[in-house]
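In case you want the letters, here they are:
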Amino acid sequence: MSVIQTNNLIPWNASRRLSWSDFKGDPDPHSTNAALTSSNINIEFGYNDDGFQYSIKCSFDQNRSWVRVKTNDVLAHEQGHFDIAEIYARKLNKQMKAYRFNAKTASNDINQLYENAMKQHRQTQIQYDQETDYSRNRPNQEEWLKKIASDLKGLEAFANYQQLK
């Protein structure tokens, strides 16, 4: 299997934190946000009558992520967004591991699992911004960062999702 490396995508990695130089997009003139993190969760899968294989990728899109206000608080908040994406990539992997393969319904089943995970992912990202007031509510921001770290740790068993299984 060949891996296509696109230069603007940074795969999530526990030891590689975001830096302001990763934000290469132009700020949205219609947004009042200090910064914006664009992350992607993708799944590729294939199957035949014998079973299925899949691969999940969670990445940060440098070209679609931008910054207007560079502070440590804002950077920590943006890292939180990327970490939440990783949580949902792991949750998707957990669901995929639990999935009972059925060749007749696999495509529909897997797409449904993905759609449900992405819907929850979007809702969590919105809730994160609302409850932290985009990083400005420091006590809530601290609580969220603890929750995110705890969720990542709790889903560690599902972190290895890049290889086709």
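Here the structure is shown first, and the text comes after it.
Residues numbered from 1 in each chain as written. Predicted model: local features only at pLDDT ≥ 70, side-chain atom pairs only at ≥ 80, totals over all residues. Heavy atoms only, no water.

### Comments concerning the sheet that holds strand β4 (residues 51-61)
Sheets are built from strands paired through backbone hydrogen bonds, the pairs being either parallel or antiparallel. With antiparallel pairing, the three strands of this open sheet are ordered in space as β1-β4-β3. The two strands at the open ends of the sheet, each matched to only one other strand, are β1 (9-11) and β3 (39-48). Strand after strand, the sheet turns through a mean of 40° between neighbouring axes, direction not considered. Here β3 runs beside β4; their pairing, made up of 10 bridges, is antiparallel. Each residue of the ladder has a partner; that of Phe 45, found in β4, is Tyr 54. (Pairing = 2+ DSSP bridges. Helix = DSSP H or I, 4+ residues; strand = E, 2+ residues; numbered from the N terminus. Axes fitted to C-alpha atoms, helices over the stretch in contact; angles between N-to-C directions.)

### Some points on the nonpolar core
Counting residues in each nonpolar core, the largest one holds 38 residues, and the members touching the most others are Ile 41, Ile 43, Ile 56, Cys 58, Leu 92 and Met 96. Looking at this core, the elements with two or more residues in it are β3, β4, α1 (72-98), α2 (106-132) and α3 (138-154). Element by element, the count of residues in this core is highest for α1, at 10 residues. (Core = buried A, V, L, I, M, F, W, Y, C linked by side-chain atoms within 4.5 Å. Buried < 20%, exposed > 50% of the residue type's maximum accessible area, 1.4 Å probe, protein only.)

### So, α3
Its 17 residues give α3 an end-to-end C-alpha distance of 24 Å, which sits within 8% of 24 Å, the value for a rise of 1.5 Å per residue. Residues Gln 141, Trp 144, Ile 148 and Leu 152 constitute the buried set of α3. Buried residues along α3 cover an arc of 70° about the axis, so they all sit on one side. Those residues of α3 that are exposed and angled more than 90 degrees off the buried face are Pro 139, Lys 146, Lys 153 and Gly 154. Contacts made by the buried residues of α3 are with α1 and α2. Between the side-chain oxygen of the N-cap and the backbone nitrogen of Asn 140 there are 3.1 Å, and the N-cap of α3 in question is Asn 137. (Expected span 1.5 Å × (residues − 1). Arc of directions from axis to C-beta. Contact = heavy atoms within 4.5 Å. Polar contact = N/O pair within 3.5 Å; in protein donor to acceptor, adjacent residues only side chain to side chain.)

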